[in-house]
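The residues making up each chain are set out below.
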Amino acid sequence: MTRHLMAITTVLLLLSGCSRALPPTPLVQVPAEPVSFLDDVKPVLDARCVVCHSCYNAACQLKLGSYEGVDRGGSKDGVYSSDRLTDQAPSRLFFDAKTTEQWRQMGFHSVTDNPGQGLANESIMAYFLDAKRRNPVPEGRYHAEATDLTCAADSDEARSFLGKHPGRGMPFGFPPVADADHDTLAIWLEQGAAGPSVTERARLTMPSAAGAAEIAKWEAFLNRDDPKYAMTARYLYEHFFLAHIRFADSGENVFYRLVRSTLPSGSPVDIIATRRPYDDPGTDRFYYRFEKVHSTIVLKTHMVVDFDDRRLARYRNLFIETEWLETPNVMPYEDRESANPFLIYAQIPPRSRYQFLLDHSEYIIQTFMQGPVCKGQIALNVINDHFWALFLDPDADQAVQNPEFLTEQADNLRLPTERGSDMSLFKAFSNEYRNRYTSFYRAKTQLYMDNAPEGFDIDAIWRGNSADDAPVLTIYRHFDSASVIKGAVGDLPRTLWVIDYSQFERIYYALVAGFDVYGNVSHQANVRRYMDFLRIEGELNFLSFLPRERRVPILQSWYIGDKAAEDIEDQDVVSARPTRVAFTSNEPKREFVERVISNHILPATGSGFDPVNYHGTDEQTPMPKTFDSQEDILNGFRALNAPGTGFIRHVTSTEVNVLYVRVRGDEGPFRFFSIVINRWHDNVNSLFGEQKRLNPAKDTIDFVPGSVGAYPNYFLVLDKSELPELIDLLQNFDESPGYKAKLDKFGINRMEPEFWPAYDWFQQQLNESDPVRAGLYDLNRYYSEARIDLQ
């Protein structure tokens, strides 16, 4: 497309003596050839804007991954709040409003409308893009999720804000977009910011013939009137409402959402928008439908579940062909009862429900880490920075083997989410659900003492059946985001969980299905407190496999400074259950884990220990003298296992927890790897005072091929010949000028011209390594300091 552009120098008087930004530089001539949103504009937005403007944590709720999001615009109301006294009306794109006018009535304002009558386009978007061109390399700190940023509702507010803060143009705190890309956006705005045509929108939203065939098959399964099918479909929907579903048999990497609709198959999807998936749909007849995801895929919310004929057969086997505990019947939607899966689904055998969760263990845990809260410290300061999750085998789970137990305990299994999103403030720190949980845990302990009085051996840990299963998961917390990785990654964690059925289901219904990011402070506080109980239950399940006399000391080492843990004297308070595991070493935790992974899980799934970071009881790996081979590089990283190094202290002091490293000239697995910092917490048993419980001297570091997490905090780029310098930096860093200069040499500051090429390289590596599960990284938490002295 030919662009006829000429920069015009204009001089405007400052209005009323106030500091106000100049209008955007006008175009002398707007090309007659229309700019296409899909072909021209969206690629620019995806590459440079969606990396910060997606999900709930997008500044001003401005989501730029689709035309619907661009057209909706921004809002002055933020989604995240830790002190919201009343709940907030949901504002989920594609769900809570269907027209531009409806969004305006909800307080959203346009960022593309041009109110000006002069030569310049004076839309909000034009103002902020032009401000970055005028001030391309500002200094300072840039926190995209800060609470003091403006959400200008019109051009006057944008002009006033940028007059006072000229360095806050877009992309915020990053280099400007390329001139050609800026011109594309400017022309599109001047031409009226049109969206896709009717034909283009159909191409975006309609499935292919292969996809339509899969959809017809699955919608037929989900929408049968038979009560057994109806309750099965309800259970599947409540667990898959956040999933990006891929019909693997279609051969396409196209993703769909499972939704409830007022219209049946063959008609347009008319989404029924409820706060939670178990809320009353408000109509006696509704339909489960698949809606194509046509917004840009972002990694932080991209949780893939494959649907194919094998999976459909599995669901038929688990739910339809299996005899239920009572004559199948359709349960009504009731506010509190619907929030309790142990009551609503009591007729479905717990073994079927648990095996379903195990089949999807990685996805279910991902929804906790990546689901309702993109900015997840509300949920995530309840977990340690690095731990492994194992699962109790269904044959050993006494609540599965004795289904009546869960029905009898349904009242004690009630969750705080049953009270909705606007829980009374007087209930913010109520002990009601703590007391119910305590009663349930005591009953569960007695159930195991009665039915498994001798305890369990390692075969009570679910081993999985094939490489598709995930019987061990690694969870990394990166302050307010987290990662879930299949397998045992990293060194032996300080804490481990063994998850059983009732715990697994409650984690999901408390933190995912029942959690409302728009809820008030009482709702969020109660969910956070309840998760404390669930975490401890997983830890106690693990400890029940260890020698009884070692359980209390180990638990107390996980809860340093917690008075309740320090005062425990009775071993039975931790776990009265005996163990059948015979130990031969003085490190029962390590011995148990190594036997489970190496002798039990590895033969079934092929999943063993991390070859880089797991050290076992081996002696310290010596540092290689050269780094000529992949083995040298691996051993170099293995040698860097000392806690609390100067490098770790330095990066964590700048809020950096995950670094991505590119080694140019290396074609092995370490040409791209992640440096993950595991911060030590004395305990994670309180909502408040987290900083006081950190101990930087005990922080550790892991080296993981590829990328970990969706939020890179810093990029390092170096040549293979410079690996010895990097190893030296990681091993011996202090705050001296020489080491700081070396870090600056490898590091990519957010305002360097090399930033966007570096980002593009890392994104391309992810896209090529896993096309199905790849999505755009999020740059909202990149190292905040912009420095022009590095130019």
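Residues numbered from 1 in each chain as written. Predicted model: local features only at pLDDT ≥ 70, side-chain atom pairs only at ≥ 80, totals over all residues. Heavy atoms only, no water.

K.L.:
Please provide a residue-by-residue account of the sheet that holds strand E9 (residues 495-499), values included.
P.N.:
As summarised here, the arrangement of the 4 strands in space is E8-E7-E6-E9, forming an open sheet in which the pairing is mixed. Only two strands of the sheet have a single neighbouring strand rather than two, namely strand E8 (482-486) and E9. Across the sheet, the mean angle separating the axes of adjacent strands is 25 degrees when strand polarity is ignored. Pairing analysis gives 4 bridges linking strand E6 (residues 386-391) to strand E7 (residues 473-477), with the strands arranged antiparallel. Across the sheet, residue His386 finds its bridge partner in E7, namely Tyr476. (Pairing = 2+ DSSP bridges. Helix = DSSP H or I, 4+ residues; strand = E, 2+ residues; numbered from the N terminus. Axes fitted to C-alpha atoms, helices over the stretch in contact; angles between N-to-C directions.)

K.L.:
An account of the pattern of salt bridges is needed here, citing residue identities and associated values.
P.N.:
Inspection of the entire model under this criterion finds 48 salt bridges. One salt bridge in this structure joins Arg48 and Asp760, with 2.8 Å as the shortest N-O distance. Here the residue Arg48 occupies a position in helix H1 (residues 37-48), and Asp760 occupies one in helix H28 (residues 755-769), the gap between them amounting to 712 residues. Close ionic contact of Asp225 with Arg285 constitutes a salt bridge, the shortest N to O distance being 3.2 Å. (Salt bridge = Lys/Arg side-chain N within 4 Å of Asp/Glu carboxyl O.)

K.L.:
I'd like to hear about empty space enclosed by the protein, residue by residue, with values.
P.N.:
Inspection of every chain in the model, using the stated rule, returns 4 cavities of 30 Å³ or more. Its volume calculated, the largest cavity comes out at about 920 Å³. As for the largest cavity, its lining consists of 46 residues, and the residues nearest its centre are Tyr56, Lys63, Phe95, Leu242 and Arg257. Taken together, the elements giving at least two residues each to the lining of the largest cavity come down to strand E3 (255-261) and helix H18 (501-513). No other element matches the 4 residues that E3 contributes to the lining of the largest cavity. In terms of residue class, the lining of the largest cavity is made up of 28 nonpolar, 11 polar and 7 charged. (1 Å grid on protein atoms, 1.4 Å probe; cavity = no way out; pocket = protein on both sides within 12 Å on 5 of 7 lines; lining within 4 Å. Points joined across faces, edges and corners; volume = space filled by probe spheres on them. Nonpolar A, V, L, I, M, F, W, Y, C, P; charged D, E, K, R; others polar.)

K.L.:
Describe in detail unusual backbone geometry, supporting the description with residues and values.
P.N.:
Residue Pro171 is bonded to the preceding Met170 through a cis peptide linkage, with omega at 0 degrees. Inspection of the secondary structure assignment puts Pro171 in the loop between helix H5 (155-164) and helix H6 (179-190). Its identity is not glycine, yet Cys55 carries a phi of approximately 65 degrees, on the positive side. Tracing the chain through its elements places Cys55 in the loop between H1 and helix H2 (67-72). Overall, the relative accessible area of 11% leaves Cys55 in the buried class. Unusually for a residue other than glycine, Phe94 sits at a positive phi of about 80 degrees. Residue position: Phe94 is located in the loop between H2 and helix H3 (100-105). (Buried < 20%, exposed > 50% of the residue type's maximum accessible area, 1.4 Å probe, protein only.)

K.L.:
Provide a residue-level description of the packing of helix H10 (residues 309-320) against helix H12 (residues 350-359), including the pertinent values.
P.N.:
In contact at an axis separation of 9 Å, H10 and H12 are set at 155 degrees when each is read in the N-to-C sense. If you check the angle between H10 and H12, you find them roughly antiparallel. In this structure, H10 crosses over H12, and the sense of that crossing is right-handed. Contact with H10, carried on its side by Arg311, Arg314, Tyr315, Leu318 and Phe319, involves Ser352, Gln355, Phe356 and Asp359 of H12 and no other residues of that element. Broken down by class, the residue content of the contact of H10 with H12 amounts to 4 nonpolar, 2 polar and 3 charged. (Parallel < 35°, antiparallel > 145°, perpendicular 65-115°, else oblique. Left-handed = near helix turned anticlockwise from the far one by under 90°. Contact = heavy atoms within 4.5 Å.)

K.L.:
So, the state of the cysteines: which residues are in play, and what are the values?
P.N.:
A covalent bond between the sulfur atoms of two cysteines is what we call a disulfide. If you walk through the whole model with that rule in mind, you get 1 disulfide. With its sulfur 2.2 Å from that of its partner, Cys60 forms a disulfide with Cys151. Residues Cys60 and Cys151 share a disulfide whose torsion about the S-S bond is about -95 degrees; that sign makes it left-handed. Of this pair, Cys60 sits in the loop between H1 and H2 while Cys151 sits in the loop between strand E1 (140-141) and H5, placing them 91 residues apart in sequence. For the pair shown, Cys60 and Cys151 are each scored as buried. (Disulfide = S-S within 2.5 Å.)

K.L.:
I'd like a rundown of the pairing of strand E13 (residues 714-719), residues and numbers included.
P.N.:
Burial of E13 is extensive: 5 of the 6 residues sit out of reach of the surface. Note: strand E10 (residues 658-664) against E13, 6 bridges, orientation parallel. Among the inter-strand pairings, Leu659 is bridged to a residue of E13, identified as Tyr714. When E13 meets strand E14 (residues 747-748), the two strands line up antiparallel, connected through 2 bridges. Paired with Leu716 across the two strands is Gly747, which belongs to E14.

K.L.:
Tell me about the environment of Glu537, residues and numbers included.
P.N.:
Structurally, the position occupied by Glu537 is in helix H19 (residues 521-543). As a C-alpha pair, Glu537 and Ala126 span 411 residues in sequence and 53 Å in three-dimensional space. Among residues more than four places away in sequence, those in contact with Glu537 are Tyr437, Phe440, Tyr441, Lys444, Asp500, Ser502, Gln503 and Arg506. One polar contact links Glu537 to Tyr437, side chain to side chain, over a distance of 3.1 Å. (Polar contact = N/O pair within 3.5 Å; in protein donor to acceptor, adjacent residues only side chain to side chain.)

K.L.:
Tell me about the packing of aromatic side chains, and please be specific about residues and values.
P.N.:
The final tally for this structure, using the stated rule, is 71 aromatic pairs. Across from the ring centre of Tyr448, 4.1 Å away, lies the NZ or CZ of Arg577, which sits over that ring. Taking the ring centre of Phe174 as reference, the NZ or CZ of Arg750 above it sits at 4.1 Å. (Phe/Tyr/Trp six-rings, centres within 6.5 Å; stacked < 30°, edge-to-face > 60°. Lys NZ or Arg CZ within 6 Å of the ring centre and 35° of its normal.)

K.L.:
Just give me the short version of the confidence of the model for the protein, but keep the residues and values in it.
P.N.:
On average, residues of the protein score 91 in pLDDT, and 94% of them are at 70 or above. In the model, residues 1-18 has pLDDT below 50 throughout and makes 25 contacts with residues more than four positions away in sequence or in other chains. (pLDDT = per-residue confidence, 0-100.)

K.L.:
Describe in detail the sheet that holds strand E4 (residues 287-292), supporting the description with residues and values.
P.N.:
Hydrogen bonds along the backbone pair up the strands of a sheet, which may run parallel or antiparallel. With mixed pairing, 4 strands are arranged side by side in an open sheet as E4-E3-E2-E5. On the outer flanks of this sheet lie E4 and strand E5 (304-307), each paired with one strand and no other. Shown here is a sheet whose adjacent strand axes are inclined to one another by a mean of 45 degrees, direction ignored. Pairing geometry for E3 and E4, over 6 bridges, is antiparallel. When the bridges of E4 are listed, Ser261 appears paired with Tyr287. Sheet strands touched by helix H8 (residues 209-222): strand E2 (244-247), E3, E4 and E5. Its angle to E4, the strand with the most contacts, is close to 160 degrees.

K.L.:
How would you explain the side chain of His600 if you had to name every residue and give the values?
P.N.:
When you line up the elements, His600 lands in helix H23 (residues 588-605). Discounting residues that sit within four places of it in the chain, His600 has contacts with Ile458, Asp459, Ile461, Arg463 and Arg595.

K.L.:
For helix H9 (residues 227-240), give the residues involved together with the corresponding values.
P.N.:
Side chains of residues three or four places apart in an α-helix project in the same direction, reflecting 3.6 residues per turn. For H9, with 14 residues, the first-to-last C-alpha span of 20 Å sits near the 20 Å given by 1.5 Å per residue. Those residues of H9 that sit buried are Lys228, Tyr229, Met231, Thr232, Ala233, Arg234, Tyr235, Leu236, Tyr237, Glu238, His239 and Phe240. (Expected span 1.5 Å × (residues − 1).)

K.L.:
Which residues make up the environment of Arg203, and what values do they have?
P.N.:
The residue Arg203 is located in helix H7 (residues 198-205) in this model. Here Arg203 falls in the exposed class, since its relative accessible area comes to 53%. For the pair Arg203 and Ala193, spaced 10 residues apart in sequence, the C-alpha separation works out to 20 Å. In contact with Arg203, not counting residues within four places along its chain, are Leu38 and Lys292.

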